[in-house]
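So you can see what is in the structure, the chains are spelled out below.
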Amino acid sequence: MSQISAPDIAAEATVPAESEVTVAGTIERPLTTADRCDACGAQAFVRAVLTSGQLLLCGHHARAHMPALKRQALYIQDETATLSPAQ
Ligand SMILES: [Zn+2]
């Protein structure tokens, strides 16, 4: 559930993995249709970086878990604003 596998990110992963300060800046990139919700497999619109790794969540699961994420996440990338109202 916690893979950071984008090639462009791996290429610049010169900082130690345990350096939390640089985590957000290192992994941030726009979410694409290839990013799937870790809970249901739908397209992900939220990325939450935790000390144990990252979670990708669809709009539904992001809303469902946002209170817990806001307590525990080091960083939350929220692109739910790009969701159309029709969904
Ligand atoms: Zn989901």
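Refer to the structure above for everything that follows.
Residues numbered from 1 in each chain as written. Predicted model: local features only at pLDDT ≥ 70, side-chain atom pairs only at ≥ 80, totals over all residues. Heavy atoms only, no water.

A. Layout of the coordination of the zinc ion. Every protein donor of the zinc ion is accounted for by Cys37 (SG), Cys40 (SG), Cys58 (SG) and His61 (ND1), and the metal-donor separations fall at 1.9 to 2.3 Å. Considering all four donor atoms around the zinc ion, angles at the metal cover 103 to 114° and the coordination shape is tetrahedral. Sequence spacing of the donor residues for the zinc ion, all on one chain, is C-x2-C-x17-C-x2-H. Taken together, the residues span a long stretch of sequence, with Cys40 in the loop between helix H2 (23-27) and strand E1 (46-50) and His61 in helix H3 (residues 59-72) at a distance of 21 residues. On the basis of relative accessible area, His61 is assigned to the buried category, the value being 16%. (Donors = N, O, S within 2.8 Å, 3.2 Å for Na, K, Ca; no water. Tetrahedral: all angles 85-135°; square planar, octahedral: opposite > 155°, others 65-115°. Helix = DSSP H or I, 4+ residues; strand = E, 2+ residues; numbered from the N terminus. Buried < 20%, exposed > 50% of the residue type's maximum accessible area, 1.4 Å probe, protein only.)

B. The sheet that holds strand E2 (residues 53-57), seen in detail. In space, the three strands of this open sheet follow the order E2-E1-E3, with antiparallel pairing throughout. Among the strands making up the open sheet, the edge pair consists of E2 and strand E3 (75-78). Strand-to-strand twist of the sheet, defined as the mean angle between neighbouring strand axes without regard to direction, takes the value 15°. Relative to E2, E1 runs antiparallel, the two sharing five bridges. From the neighbouring strand, Ala48 faces E2, where its bridge partner is Leu55. Against the sheet, H3 engages E1, E2 and E3, with an angle of about 150° to E2. (Pairing = 2+ DSSP bridges. Axes fitted to C-alpha atoms, helices over the stretch in contact; angles between N-to-C directions. Contact = heavy atoms within 4.5 Å.)

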